[in-house]
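Summary of structural features
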Amino acid sequence: MPGDPTIHHTSDLRGSDGTSEGVSSLVVILVGAPGSGKSTFCDDVMAAARRPWVRVCQDVVANGKQGTKSQCITSASAALEEGKSVFIDRCNLEQEQRADFVRLRKVQVDVHAVVLDLPAQLCISRSVKRTGHEGKLQGGRAAMVVNRMLQKKELPNLSEGFCRITFCQNESDVKEAVKTYSQLGPSDILSAGVFGQKTKEAKVQLGIMKFLKKIDKLDFDASGKDSTPVGNLPHDTASIQTSVTSTCSMELEKNKEDLRNSNSNCPSQRSLIGDSSMDFVHTLAFPSISTADFQFDLKLASEIIVDCVSDFLQRFDNIRLVLVDLSEKSKILSLVRERSANKHIDSSKFFTFVGDITQLHTRGNLRCNVIANAANWRLKPGGGGVNAAIFKVAGESLQTATKKCADILSPGSSVVVPLPSNSPLHSRERVTHVIHVVGPNMNPQRPNCLNNDYVEGCKVLRNAYSSLFANFASILENQSKTDSKRRVSAISDTHEEGTTITSSPDSDQMVKQEAQSNPDRNKKSKVFATSGASKDKNIVMNDGHGHTPCNENIGNLTSSASLGDAVDKNRRHAEVTKRSWGAWAQALHEIALNPEKHQNVVMEKSDDYVVLNDMYPKAKKHVLVVSRLQGLDSLSDVRKEHLSLLKAMHSAGLKWTRMFLKEDASLMFRLGYHAVPSMRQLHLHVISQDFDSPRLQNKKHWNSFNTSFFRDSTDLIQEIEKHGVANINDDESLLKMELRCHRCRSAHPNIPRLKSHIALCKASLPASLLDNDRLVSASPKG
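Fair warning: this is a prediction, and the values are worked out from it, not measured in the lab.

With that settled, the discussion passes to the overall build of the protein chain. Broken down by element type, the protein chain carries 22 helices and 26 strands. Among the 782 residues that make up the protein chain, the fraction classed as buried is 57%. In the protein chain, 75% of the contacts between residues at least 6 apart in sequence involve partners at least 24 apart. Accessible surface computed for the protein chain: about 32,300 Å², of which carbon and sulfur atoms make up 49%.

This part takes up the packing of aromatic side chains. The description of two aromatic rings rests on the distance between their centres and on the angle between their planes. Counted by the stated rule, this structure contains 15 aromatic pairs. Plain terms: the ring middles of W656 and F660 are 5.9 Å apart, the flat faces sit at 45° to each other, and that makes the pair tilted. Taken together, the residues W656 and F660, both in helix α19 (residues 643-663) and 4 residues apart, mark about one turn of the helix. In this pair, the class of W656 matches that of F660, namely buried.

Following the criterion strictly, the structure yields 20 salt bridges and no others. For the salt bridge of E160 with R98, the shortest nitrogen-to-oxygen distance reads 2.9 Å. With E160 in the loop between α5 (140-151) and β6 (164-168) and R98 in helix α3 (residues 95-102), the pair connects residues that are 62 residues apart, well separated along the chain. Here the two residues E160 and R98 agree in accessibility, since each one is buried. Each of K69, D100 and R103 takes part in salt bridges that share partners, so that together they form one network.

In this section: the pairing of strand β14 (residues 413-418). Within β14, 6 of the 6 residues are buried, which leaves the element mostly enclosed by the surrounding structure. Of the two faces of β14, the one holding S413, V415 and V417 and the one holding S414, V416 and P418 are both buried throughout. As paired elements, β14 and strand β15 (residues 433-438) share 6 bridges and run antiparallel to each other. Bridged to S413 within β15 is V438.

All right, on to the environment of I390 then. One can find I390 in helix α13 (residues 385-394). Overall, I390 belongs to the buried group, its relative accessible area being 0%. Sequence spacing of I390 and A372 is 18 residues, and the spatial spacing of their C-alpha atoms is 9.2 Å.

Moving on to the sheet that holds strand β4 (residues 85-89). With parallel pairing, 6 strands are arranged side by side in an open sheet as β3-β4-β2-β5-β6-β8. The sheet is open, and its two edges are formed by β3 (53-57) and β8 (193-195), each paired on a single side. Here the strands of the sheet are splayed against their neighbours by 15° on average, with no regard to which way each runs. As paired elements, strand β2 (residues 25-31) and strand β5 (residues 109-116) share 7 bridges and run parallel to each other. Paired with L26 across the strands is D110, a residue of β5. Of the strands in this sheet, β2, β3, β4 and β5 touch helix α1 (residues 38-47), which is tilted by about 160° from β4. Packed on one face of the sheet, helix α6 (residues 171-182) meets β2, β3, β5 and β6 and runs near 145° to β6.

Turning our attention to the nonpolar core. With 82 residues, the main nonpolar core has I29, F41, Y181 and L425 as its most contacted residues. Apart from residues no more than four positions distant in its own chain, L425 is found in contact with T358, I371, I390, V393, A394, L419, R430, V431 and V434. Formed by 37 residues, the second largest nonpolar core is a distinct cluster that contains V437, L461, F472 and I475.

Its place among the elements puts E604 in strand β18 (residues 602-605). Polar contacts involving the side chain of E604 include one to the side chain of Y609, which spans 3.1 Å. With residues near it in sequence (within four places) discarded, E604 still touches Y609, V610, V611, K655 and W656.

Once that is clear, we can look at α6. Given a rise of 1.5 Å per residue, 12 residues ought to cover 16 Å, and the 16 Å separating the end C-alpha atoms of α6 matches this to within 8%. Along α6, the residues that are buried comprise D173, V174, A177, V178, T180, Y181 and S182. Among the residues of α6, the N-terminal cap falls to N170, whose side-chain oxygen and the backbone nitrogen of S172 are separated by 3.1 Å.

Turning to the packing of helix α2 (residues 69-81) against α3, a few remarks are in order. Between α2 and α3, whose axes approach to 10 Å, the crossing angle comes to 30°. Of the possible angle classes, the one that applies to α2 and α3 is roughly parallel. Taken as a pair, α2 and α3 cross one another with a handedness that is right-handed. Listed contacts from α3 to K69, C72 and I73 of α2 are E96, Q97, D100 and F101. For the contact of α2 with α3, the class distribution of residues is 3 nonpolar, 1 polar and 3 charged.

The phi angle at H344 is positive, at roughly 60°, despite the residue not being glycine. Along the chain, H344 turns up in the loop between α11 (331-342) and β11 (350-354). Located in the positive-phi region is Q681, a residue other than glycine, with phi close to 100°. As for its position among the elements, Q681 is in the loop between β21 (668-674) and β22 (683-688).

This part takes up the confidence of the model for the protein chain. A residue-level look at the protein chain finds 71% of positions with pLDDT of 70 or above and a mean pLDDT of 75. Here helix α7 (residues 235-242) stands out as the element of the protein chain with the lowest mean pLDDT, 33, in contrast to β22, whose mean of 97 is the highest. Across residues 10-22, confidence stays below pLDDT 50; counting only partners more than four residues off in sequence or on other chains, it has 25 contacts. This stretch, residues 200-279, has a pLDDT under 50; its non-local contacts, to residues over four places away or in other chains, come to 157 contacts.

Below, the discussion takes up the pairing of strand β12 (residues 370-374). Along β12, 4 of the 5 residues are buried, which leaves the element largely enclosed by surrounding structure. Note that strand β9 (residues 283-286) and β12 share 2 bridges and pair parallel. Its bridge partner being in β12, L284 is matched across the sheet by V370. Pairing analysis gives 5 bridges linking β12 to β15, with the strands arranged parallel.

Here we take up helix α21 (residues 713-723). Listed in full, the buried residues belonging to α21 are S713, T714, D715, L716, I717, E719 and I720. Of the surrounding secondary structure, the elements contacted by the buried residues of α21 are α19, β21, β22 and β23 (710-712).

Before going further, it helps to examine the packing of α1 against α6. Running from amino to carboxyl end, α1 crosses α6 at an angle of 40°, the nearest separation of the two axes being 8 Å. The angle between the axes of α1 and α6 places the two elements in the oblique class. Taken as a pair, α1 and α6 cross one another with a handedness that is right-handed. In this structure, α1 uses F41, D44 and V45 to contact α6, whose residues at the interface are V174, A177, V178, Y181 and S182. Its residues assigned to classes, the contact of α1 with α6 shows 6 nonpolar, 1 polar and 1 charged.

Parameters at a glance
- Here, residues in each chain are numbered from 1, in the same order as that chain's written sequence.
- With pLDDT at 70 or above as the cut-off, local features in this predicted model cover only qualifying residues; side-chain atom pairs require 80 or more to be listed or tallied, and sums for whole chains, interfaces and linings still use all residues.
- Only heavy atoms go into the side-chain values, all of them from the structure, while hydrogens and water stay out.
- Only runs of H or I of at least four residues qualify as helices and only runs of E of at least two qualify as strands under DSSP, and these elements are numbered from the N terminus.
- Each residue gets one of three labels from its accessible area relative to the maximum for its type: buried under 20%, exposed over 50%, partly exposed in between, using a 1.4 Å probe on protein chains only.
- Contact criterion: two residues are considered in contact whenever any of their non-hydrogen atoms come within 4.5 Å of each other.
- Per-residue and other accessible areas were derived by the Shrake-Rupley procedure at a 1.4 Å probe size, with only the shown protein chains allowed to occlude residues.
- Ring pairs shown here join Phe, Tyr and Trp side chains whose ring centres sit within 6.5 Å, with only the six-membered ring taken for Trp; geometry is labelled stacked below 30 degrees between planes, edge-to-face above 60, and tilted in between.
- Salt bridge criterion: a side-chain nitrogen from Lys or Arg within 4 Å of a carboxyl oxygen from Asp or Glu.
- Any two strands with at least two DSSP bridges between them are considered paired.
- Note on method: axes are straight lines fitted to C-alpha atoms, helices fitted across the in-contact stretch only, with angles between N-to-C directions ranging 0 to 180 degrees.
- Among the buried residues, those of types Ala, Val, Leu, Ile, Met, Phe, Trp, Tyr and Cys that are joined through side-chain atoms within 4.5 Å form a nonpolar core.
- Think of a polar contact as two N or O atoms within 3.5 Å of one another; within protein, one of them needs to be a possible hydrogen donor and the other a possible acceptor, and neighboring residues in sequence only count if both atoms come from side chains.
- The length a helix should cover is 1.5 Å for every residue beyond the first.
- For classification purposes, angles smaller than 35 degrees are called roughly parallel, those larger than 145 roughly antiparallel, those between 65 and 115 roughly perpendicular, and all remaining angles oblique.
- Handedness of a helix crossing follows the sense of rotation of the near helix relative to the far helix, less than a right angle counterclockwise being left-handed and clockwise being right-handed.
- Any residue that is not Ala, Val, Leu, Ile, Met, Phe, Trp, Tyr, Cys, Pro, Asp, Glu, Lys or Arg is counted as polar, Gly included; the first ten are nonpolar and the last four charged.
- A score between 0 and 100, pLDDT records how confident the predictor is in each residue.

In structure tokens:
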């Protein structure tokens with residue numbers, strides 16, 4: 001609308017090729033309790049709208065009758081295909097309820113949230129008094145439903161994947177939001193960010209039930225059971241309790257069994273690297289490297305950004321990467337969004353953001369504990385753009401801290417600088433680390449110009465992003481490492497859990513690690529602790545691209561003598577070293593080549609292999625038989641000359657299964673390899689088929705052992721004997737397949753449900769596992 005600074009018209013957002021940089025459709029997810037005015041909001045906007053809208057309401061989605069959430073998604077998708085914008089008219093008070101609708105976000109579709117966070121008493125009053133409600137939620141029963149929903153309220157935040165969130169806390173706010181959306185033109189877009197949030201989230205509004213005057217507030221105990229027995233309630237109240245699901249199915253799809261599962265020993269499918277709240281998820285905000293003053297090609301840069309992001313996110317759950325640019329007209333943001341959507345990258349893990357990277361928290365309500373700086377090779381302030389802005393806002397303390405880590409930086413590398421607490425960027429924006437990164441230069445007016453050599457330039461830029469993301473991981477790893485000084489009894493291999501600090505005798509990098517205590521850290525990203533080894537050995541964090549995390553507090557980490565001498569000098573230089581595996585993937589390699597240094601984790605050692613426990617076992621018994629042959633990193637390296645080694649590893653695995661079966665004859669085992677391992681050094685999994693472990697947390701964990709992604713050892717040995725190489729199905733989409741019981745093949749919506757089913761399933765294992773000795777058990781049948 002004219003004069004509204006939050007609305008940007010298509011004519012203002014033309015790209016260099018004349019095409020629109022705006023979006024063609026919107027998905028607006030309404031969030032609010034019954035009676036908050038969601039349907040009225042939709043009607044008011046649509047009555048005065050300048051763009052076509054479709055209201056999707058679960059109460060009427062099935063030809064005027066109450067439908068399902070999946071029907072809502074189908075209806076919304078169809079409307080978007082027609083170029084229309086969509087209102088999702090459901091309560092959506094919990095993040096899980098919103099997640100599927102947030103995934104409707106595409107290149108030309110932005111997803112917004114409008115939160116009708118009106119007083120509870122007002123919502124209850126409206127719900128009780130209304131008649132003829134589409135979902136029949138009215139009268140006395142409505143009051144109970146509203147109260148119980150508000151007890152579970154989770155206000156949305158940008159980390160879920162929203163582009164914009166608008167909070168309405170009174171009627172005036174609602175009218176303003178209606179006006180904003182009513183006057184959006186067909187291709188107009190709204191500024192990204194959070195607007196109108198005046199108070200901190202209060203999940204439970206105390207005293208609501210006093211409004212009912214008939215009953216006391218119902219509480220839930222930790223198990224998810226109602227602590228107020230139905231028999232003790234007044235007659236009409238008991239009937240309300242038993243009718244809740246039928247009267248408001250759109251928000252009460254999860255029954256008490258779901259709640260019990262979510263509070264069981266089985267963690268949520270979302271396993272965070274850090275705090276369990278999405279509000280505190282570890283986040284790296286970074287600018288596009290080398291595309292401004294260094295004039296790197298935008299299309300090539302966008303491809304490299306998305307490829308590196310995709311590779312990194314496969315190793316971690318629910319950390320966030322945010323690409324930031326100041327301009328709404330940014331071509332690089334548009335290109336990255338498009339490529340990211342094409343690769344189906346989770347928008348809650350990686351998204352773009354328009355704003356000042358030095359004011360993301362105070363101006364954009366986006367909490368990022370680590371930010372990247374597109375630095376110059378001298379690591380000095382100046383030059384304009386992001387580099388100048390970050391040094392200016394962070395103050396002299398950043399310059400001082402940077403000098404302690406490195407004096408210069410080569411293109412394609414990065415360095416971590418812990419931000420002192422007296423820095424305004426730390427105290428105001430809550431940024432704890434800055435990662436300086438230098439990319440390739442294509443500008444002849446700047447030093448080290450590559451003169452349009454994009455073969456070398458792409459290699460350097462890819463190294464730069466790989467180094468940046470690995471350094472981000474190193475920050476989190478070191479925080480986890482310093483939480484505990486206990487010795488580690490096992491090593492993690494399973495997908496999305498590989499995060500390690502490695503010891504590498506051929507590395508020329510000196511590393512200082514920050515020692516920050518954070519006792520609430522999630523164990524998912526727990527670093528491989530090397531405390532059992534000699535304190536004077538080389539501990540090097542190396543992502544394969546020469547990054548150098550540093551801090552004044554080295555803790556238990558020390559360098560070799562030569563590297564230590566170099567660091568004591570005033571001049572230090574972070575150089576690029578080229579390796580094909582990330583730092584987190586090096587632990588098994590280090591142990592296999594130097595088992596004498598890791599006697600605390602090695603259970604068996606021979607000239608050919610070592611045997612270890614998996615640090616994050618996915619079953620009651622889960623061990624790894626790791627090859628000791630240098631250069632044999634994965635199945636793709638295996639040839640016919642390695643047959644004797646594979647057979648020796650298989651025999652070792654069988655020996656351990658026999659030992660385990662003596663302890664528990666009910667167990668059954670499979671021995672096999674992952675098609676694409678997350679950790680370097682060929683290793684055989686020996687895993688019991690109960691899959692009874694709290695460490696089994698998500699689809700990738702399950703499917704990596706229960707699809708063709710897992711190759712049975714006996715099959716591989718026969719293949720290599722016959723063909724000389726292994727047949728590898730490296731399609732990682734296998735890891736995203738629906739969850740199915742490995743016995744009866746029934747489908748299940750989530751890991752807790754799957755685990756509950758497995759515990760009771762009495763079906764036999766597939767007959768195919770009984771062939772070729774794929775299944776090992778105490779009895780001949782599974």
